[in-house]
Amino acid sequence: MHSETQTDLSQAGLQIAIQDIKDELFDTPECDYAIAQLLNRWGKAEQAEHMLDEMLLKWGSSPEVIALTQQGFAEIHALPELLIDNGSVPRKPKKSASTTLNVVAA
């Protein structure tokens, strides 16, 4: 029962956050994109993808809408790589040769 209460509170918090986005961004492609980002961050990638699909139907295929949906889908597919065991703690990026800094003492 305790976990059900936490789930209900979590869902209520998500709905409040979505409503805040709608209140701030009104009914725009950017609003839909922001909601899709939020859903994705809350582990609801399937709902986020659906939101992006609906966004294309709702707003058409203007270059701005296409760019937002492509960016949204890229974020959805990139996010699992940033999570540890489907948790919500992002991993530190791996060092590559191009990110290594050489420090020179003066």
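All values reported here derive from a predicted model rather than from experimental measurement. (Residues numbered from 1 in each chain as written. Predicted model: local features only at pLDDT ≥ 70, side-chain atom pairs only at ≥ 80, totals over all residues. Heavy atoms only, no water.)

### Describing the confidence of the model for the protein chain
Reasoning step 1: With 70% of its residues at a pLDDT of at least 70, the protein chain reaches an overall mean of 79.
Reasoning step 2: Mean pLDDT across the elements of the protein chain ranges from a minimum in helix 1 (residues 2-25), with 85, to a maximum in helix 2 (residues 29-41), with 96.
Reasoning step 3: In this model residues 88-106 is a low-confidence stretch, pLDDT under 50, and it forms nine contacts with partners more than four residues away in sequence or in other chains. (pLDDT = per-residue confidence, 0-100. Helix = DSSP H or I, 4+ residues; strand = E, 2+ residues; numbered from the N terminus. Contact = heavy atoms within 4.5 Å.)

### Digging into helix 2
Because an α-helix packs 3.6 residues into every turn, residues spaced three or four apart end up facing the same way.
Reasoning step 1: Under the 1.5 Å per step criterion, the end-to-end length of helix 2 is 18 Å for 13 residues, consistent within 8% with the ideal 18 Å.
Reasoning step 2: The buried fraction of helix 2 is high, at eleven of 13 residues. (Expected span 1.5 Å × (residues − 1). Buried < 20%, exposed > 50% of the residue type's maximum accessible area, 1.4 Å probe, protein only.)

### Topic: the side chain of threonine 69
Reasoning step 1: Here threonine 69 is to be found in helix 4 (residues 63-82).
Reasoning step 2: Taking relative accessible area as the criterion, threonine 69 reaches 3% and is therefore assigned buried.
Reasoning step 3: Sequence-distant contacts of threonine 69, that is, excluding residues within four places in its chain, are made with Leu52, Met55 and Leu56.

### Observations regarding the packing of helix 2 against helix 3 (residues 45-59)
Reasoning step 1: Running from N to C, helix 2 and helix 3 cross one another at 170°; their axes reach a closest spacing of 7 Å. Taken together, the axis directions place helix 2 and helix 3 in an arrangement best described as roughly antiparallel. From helix 2, Pro29, Asp32, Tyr33, Ile35, Ala36, Leu39 and Asn40 reach across to helix 3, where they touch Ala45, Gln47, Ala48, Met51, Leu52, Met55, Lys58 and Trp59.
Reasoning step 2: Among the residues forming the contact of helix 2 with helix 3, the class breakdown is eleven nonpolar, two polar and two charged. (Axes fitted to C-alpha atoms, helices over the stretch in contact; angles between N-to-C directions. Parallel < 35°, antiparallel > 145°, perpendicular 65-115°, else oblique. Nonpolar A, V, L, I, M, F, W, Y, C, P; charged D, E, K, R; others polar.)

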